[in-house]
Amino acid sequence: MSDTVLVVGGGPAGLSAAAGISAAGFKAVLVEKEDRLGGAPILSGYAKLVPSGEWAKDAIGRMVEQVEGDANIQVHKSTKVTKLDGDAGNFTATLSNGDTVQVGSVVLATGFTHFDSINKPEWGFGTFPDVLTTTQMEQMVGSGKITCPSDGRVPERVAILLCVGSRDRQIGREWCSKICCTVSANLAMEIKELSPETEVFIYYMDIRTFGLYEDKFYWKSQEEFKVKYVKARIAEVTASDDGRLLVKGEDTLVKRPIVIPFDIVVHAIGMDPNEDNPEIAETFGVGLEKHGYIDKAETYTNTCGTTRKGIYSCGAAYGPETIDDSIAQGKAAGLRAVADLSRA
Amino acid sequence: MAIHEKSLIEAERLKTADHLVIDGVDVSGHWNTMITPRTLCDYDEHFEKTIQKYGGGENVHRCWQCGSCTNSCTMYAQNVNFNPRYWIYLTRLGLKDELLKDKDIIWQCVSCNRCTHICPRDVRPEGVMKALAHWMEEEGITEKSPATVFDEEFWDQIAERGRIEDSEVLKNFFQKTGQELTQDWLVEMIKRMLKHLPFKHLFRSGKNAVMHPRTQSWGRTGEVLKQYVQEQKEAIHG
């Protein structure tokens, strides 16, 4: 009988799962393909997290410290799982560093991949230096100064375009990425805090700041920071002769075409399935749902399950998810995996 | 070839020239009509702040365009072009040209305040309608309302003399608003006064109407009041 759970992925969900397994008195082997733990918030340099408002490096940093300081958690960085043999209760995992580990169950906390804005070339990313993604803008917020990458001037106007890589059949993304509306409202407030003279406009189809994010982010951004929300799906981002960007579209509510000058355009990029999911599905023998995320087992009595017995999942591996919910699901998946060990 | 379906295009967007040369080519004649584009090319983000300085407009930035104001609106039921939600949106983005297309109906708000009580974000749309109407009046976009003309006449006399002369307020108000001086109800009232009121009172009224006396010890009160009002206006509107 193994007393160990294999946790794949060292982001918020995986860190939470590993810490939970250890707290329950069992051992975890945490495998992370990058050379650092922390997942997207750390690797992509997020600024302040939604909804806590704490800097990612502090909040997620604490999770990393907790796991790295735990003798019951063995961490393998820059490592992948290349092979999984055996069955529920008695798996043997082969790692890319040559190690093999005996585990009773597996938690896939393999997360997501940020949408690559290159796939929407009409919105100017990769063509114009002042077109950025939300992650790049968060990095700029982290640096403490809001300026145009092209020439360093302070932007008079910033446009945030929602649903970039989400809700778009043209590029096969038929899901809502769930958190970009809230992240964008939060980002707009961070921009206004650092650069009060900059006007921030958010171009939206719908605003989906669900639950308690409604007043804390959407309303607050309007009422306290005077962020302007414009109902328009942008058709194209081009440049004008004076070097500013031109945002073209139809203002849905005015029923008129618009061509408005901006200094920075931010893509609120969505969450794609992890680009390694086909490989993960093959290695672990789990199914993917139709969009390419890890497929869920029947959820009511087999919480955190996948299509294979003994293998569990959580967080953004299942589909677009918030950091807080990923952490909660990671904890649930870790303990669900531990329950298998107890029975074995 | 001329443009056949001109009726489908707003008149102000059709530009016709007797002689027209484009890129060195003379296109006078059949090709002389051009249509200006419908594209909106900029926002005026300061306009929202302007409207917020007028009483009632303070909360306009809260609007999220749910349309509760318009669908509860008394005037919208009469005229589908009366759309507070839309004007609030135009105010927020500073699309003044669009807004001014409706300058002749915005003032029609009857202040029933159904919008005020239904608005989920406490925008107070009725206040915004009032603020817009006042802004248009001050900018000379719309004519002063009769109520404003009356108020001004009333206030001018108070500031000057510390009192009003009823007959003069009425006379000037009628003149400024282009109304007949000999209104039926007025003629009837004077007739009855002549019939029933004591001669002494009539004499004093008549004398005041001609002499315009000041209230006793009015002194510089009017000047001080005027200065105060001016300061308040400047403090609000900058």
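Residues numbered from 1 in each chain as written. Chains lettered and ligands numbered in written order. Predicted model: local features only at pLDDT ≥ 70, side-chain atom pairs only at ≥ 80, totals over all residues. Heavy atoms only, no water.

1. Details of the domain arrangement of chain A
Residue and element names in this part refer to chain A.
No. 1: For chain A, the domain assignment lists domain 1 (4–111 + 274–343) and domain 2 (117–271).
No. 2: Distance from the C-alpha centre of domain 1 to the C-alpha centre of domain 2: 32 Å.
No. 3: Domain 1 puts 15 residues into the contact, and the matching count from domain 2 is 21 residues.
No. 4: Of the roughly 1,500 Å² buried between domain 1 and domain 2, counting both surfaces, carbon and sulfur atoms make up 61%.
No. 5: Considering only the surface of domain 1 that becomes buried against domain 2, Val-50, Pro-51 and Pro-320 emerge as the three largest contributors, covering 33% of it.
No. 6: For Glu-321, the salt bridge goes to Lys-178, with nearest N and O atoms at 2.8 Å. (Domains from an automatic or database assignment. Contact = heavy atoms within 4.5 Å. Buried area = accessible area lost by both parts, 1.4 Å probe. Salt bridge = Lys/Arg side-chain N within 4 Å of Asp/Glu carboxyl O.)

2. Side note on unusual backbone geometry
Of all residues except glycine, most have a negative phi; of all peptide bonds, most are trans.
No. 1: Residues Val50(A) and Pro51(A) are joined by a peptide bond in cis, for which omega reads 0°.
No. 2: Here Pro51(A) shows up in the loop between helix H2 (40–43) and helix H3 (56–68).
No. 3: Positive phi, normally seen in glycine, also occurs at Lys255(A), with a value near 60°.
No. 4: By secondary structure assignment, the location of Lys255(A) is in the loop between strand S14 (245–251) and strand S15 (256–262).
No. 5: Even without glycine at this site, Asn113(B) takes up a positive phi of about 65°.
No. 6: Note on Asn113(B): relative accessible area 22%, which makes it partly exposed. (Helix = DSSP H or I, 4+ residues; strand = E, 2+ residues; numbered from the N terminus. Buried < 20%, exposed > 50% of the residue type's maximum accessible area, 1.4 Å probe, protein only.)

3. Regarding the interface of chain B and chain A
No. 1: Between chain B and chain A, the contact holds 25 residues from the first and 26 residues from the second.
No. 2: Counting the surface lost from both chain B and chain A, the interface buries some 2,400 Å², and carbon and sulfur atoms represent 49% of this.
No. 3: Viewed at the interface, chain A and chain B are joined by seven salt bridges.
No. 4: The partner of Asp42(B) in a salt bridge is Arg157(A), and the shortest N-O contact between them spans 2.8 Å.
No. 5: Seen at the junction of chain B and chain A, the total is 17 residue pairs in polar contact (both at pLDDT 80 or more).
No. 6: At the level of secondary structure, the elements contributing two or more residues to the side of chain B that touches chain A comprise helix H1 (47–52) and helix H4 (84–93) of chain B.
No. 7: Broken down by element, the side of chain B that touches chain A gets its largest block of residues, six residues, from H4(B).
No. 8: Of the residues contributing to the side of chain B that touches chain A, the split by class is 11 nonpolar, three polar and 11 charged. (Polar contact = N/O pair within 3.5 Å; in protein donor to acceptor, adjacent residues only side chain to side chain. Nonpolar A, V, L, I, M, F, W, Y, C, P; charged D, E, K, R; others polar.)

4. Details of the domain arrangement of chain B
No. 1: Along its sequence, chain B is carved into domain 1 (6–35), domain 2 (47–138) and domain 3 (146–237).
No. 2: The gap between the C-alpha centroids of domain 1 of chain B and domain 2 of chain B is 37 Å.

5. Overview of the sheet that holds strand S11 (residues 199–204) of chain A
Residues and elements named next belong to chain A.
No. 1: As summarised here, the arrangement of the five strands in space is S9-S16-S10-S11-S12, forming an open sheet in which the pairing is parallel. The open sheet is flanked by strand S9 (131–133) and strand S12 (228–231), the only strands paired with a single partner. With strand direction ignored, the average angle separating the axes of adjacent strands in the sheet is 25°.
No. 2: As paired elements, strand S10 (residues 157–164) and S11 share five bridges and run parallel to each other. Considered in S11, the bridge of Leu-161 is made with Tyr-203.
No. 3: The strands touched by helix H4 (residues 134–143) within the sheet are S9 and strand S16 (264–269), with S9 carrying the most contacts at an inclination of about 90°.
No. 4: Across the sheet, helix H5 (residues 180–194) touches S10, S11, S12 and S16, and the angle it forms with S11 is around 170°. (Pairing = 2+ DSSP bridges. Axes fitted to C-alpha atoms, helices over the stretch in contact; angles between N-to-C directions.)

6. Thoughts on the packing of aromatic side chains
No. 1: Applying the stated criterion across every chain yields a total of 15 aromatic pairs over all chains.
No. 2: Through pairs of rings, three or more aromatic residues link up here, namely Tyr204(A), Tyr218(A), Trp219(A), Tyr229(A) and Trp64(B).
No. 3: In this structure, Arg157(A) is placed above the aromatic ring of Phe262(A), and the distance from its NZ or CZ to the ring centre is 6.0 Å.
No. 4: Here Lys296(A) stacks its cationic end above the ring of Tyr318(A), 4.9 Å away from the centre of that ring. (Phe/Tyr/Trp six-rings, centres within 6.5 Å; stacked < 30°, edge-to-face > 60°. Lys NZ or Arg CZ within 6 Å of the ring centre and 35° of its normal.)

7. Focus on the pairing of S10(A)
All names here are of chain A.
No. 1: Of all eight residues making up S10, eight are buried, and the element is well covered by its neighbours.
No. 2: Following the chain from S10 across H5 to the adjacent parallel S11, one finds a crossover that is right-handed.
No. 3: In terms of strand pairing, S10 meets S16 through five bridges, oriented parallel. Along S16, the bridge assignment pairs Val-158 with Ile-264. (Right-handed = clockwise from strand over helix to strand, strands pointing away.)

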